[in-house]
Amino acid sequence: MQNVRVGVLGSGDVGKVLAAGFASLGHEVTIGSRDPEKLREWASASNRVTAGTFADAAKFGDILVLATLGAAAEDAIRLAGVDNFNGKVLIDATNPLDFSKGMPPTLFVGTTDSLGEQIQRLVPNARVVKAFNTVGNAHMINPQFPGGPPDMFICGNDAEGKKIVTQICGHFGWGVIDLGGIENSRYLEPMCLVWVLHGVRSGSWNHAFKMLQK
Ligand SMILES: NC(=O)c1ccc[n+]([C@@H]2O[C@H](COP(=O)([O-])OP(=O)(O)OC[C@H]3O[C@@H](n4cnc5c(N)ncnc54)[C@H](OP(=O)(O)O)[C@@H]3O)[C@@H](O)[C@H]2O)c1
């Protein structure tokens, strides 16, 4: 893939890991926050990463990443400016986690709708691809497991968008399994909880999904 401009919305671990991952592949990145100041020092470690607002990141990127708290996804997109998503691939790494009853979290939407679908409805002209939501941030880039590369499960309505995200996942060291349209976020988002529950019960966070096939 040629070098592209990437806008990452999210200043948490996922935003930083994916921003650094894109920069390591040679892409130019703007990482966005409501408070860009808190990202300046971190961003200054790379000459390919700049800190800005959510709107700066959304305007800058040809490819966008949504890595905000799930419950804040709509607010972050509105701050970024809905029109800034038009025509762009939007990698949606969010999960609709509800921490109101403590750990482990539950989902605040599911079964008949999903956060992925809500996001696609919010930015109807973006090419939303759900990805990176089923693994912890520590393993998002160059995952190393004895059983070989794990699989990134993705879904989205735009075939070209999924092709681009498949390439990106491949560069980051993943196999990819396409589950179809964005409505299948209904099943991908609960997979996050499978990953979390195994972590809570085993006390280890070094796991990732892989589909065995023959
Ligand atoms: N942590 C993981 O390993 C992991 C793995 C897979 C998927 N995910 C999902 O990826 C997403 C990001 O996770 P994370 O752990 O990196 O960070 P996070 O703590 O879930 O989210 C941090 C981001 O959310 C934004 N945010 C919070 N409240 C907001 C509000 N009211 N309005 C606008 N923006 C708001 C923050 O904005 P500011 O920058 O302005 O503070 C920050 O950019 C989540 O949806 C999570 O479920 C996480």
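Refer to the structure above for everything that follows.
For clarity, every value in this text was computed on a predicted model and none was experimentally measured.

Thresholds, definitions, all that
- Residues numbered from 1 in each chain as written.
- Predicted model: local features only at pLDDT ≥ 70, side-chain atom pairs only at ≥ 80, totals over all residues.
- Heavy atoms only, no water.
- Near = heavy atom within 4 Å.
- Polar contact = N/O pair within 3.5 Å; in protein donor to acceptor, adjacent residues only side chain to side chain.
- Areas by Shrake-Rupley, 256 points an atom, 1.4 Å probe, with all protein chains shown as cover.
- Nonpolar A, V, L, I, M, F, W, Y, C, P; charged D, E, K, R; others polar.
- Buried < 20%, exposed > 50% of the residue type's maximum accessible area, 1.4 Å probe, protein only.
- Helix = DSSP H or I, 4+ residues; strand = E, 2+ residues; numbered from the N terminus.
- Arc of directions from axis to C-beta.
- Contact = heavy atoms within 4.5 Å.
- Phe/Tyr/Trp six-rings, centres within 6.5 Å; stacked < 30°, edge-to-face > 60°.
- Lys NZ or Arg CZ within 6 Å of the ring centre and 35° of its normal.

## What about the site of the ligand?
Phase 1: If you check the shell around the ligand, you find 26 residues, and the closest are Ser11, Ser33, Arg34, Lys38 and Thr68.
Phase 2: In this structure, an oxygen atom belonging to the ligand sits 3.3 Å away from a main-chain N or O atom of Gly70.
Phase 3: Within the backbone of Asn95, one N or O atom sits 3.2 Å away from an oxygen atom of the ligand.
Phase 4: Isolated, the ligand exposes 890 Å² of accessible area, and the fraction of that covered by the protein chains is 78%.
Phase 5: Broken down by class, the residue content of the shell around the ligand amounts to ten nonpolar, eleven polar and five charged.

## Here's the deal with helix 4 (residues 73-80)
Phase 1: Along helix 4, the residues classified as buried are Ala73, Ala76, Ile77 and Ala80. Buried residues along helix 4 cover an arc of 100 degrees about the axis, so they all sit on one side. Residues of helix 4 that are exposed and point over 90 degrees away from its buried face: Asp75 and Leu79.
Phase 2: Turning to helix 4, the residues buried within the fold contact strand 1 (5-9), helix 3 (54-60), strand 4 (63-66) and helix 5 (115-122).
Phase 3: Positive phi appears at Gly81, one or two residues downstream of helix 4, with a value of about 95 degrees.

## A few points about the packing of aromatic side chains
Phase 1: Considering all chains together, one arrives at three aromatic pairs under this definition.
Phase 2: Of the aromatic side chains, those joined through ring pairs into one cluster are Phe22, Phe132 and Phe172.
Phase 3: One cation-aromatic arrangement involves Arg5 over Phe60; the distance from NZ or CZ to the ring centre is 4.4 Å.

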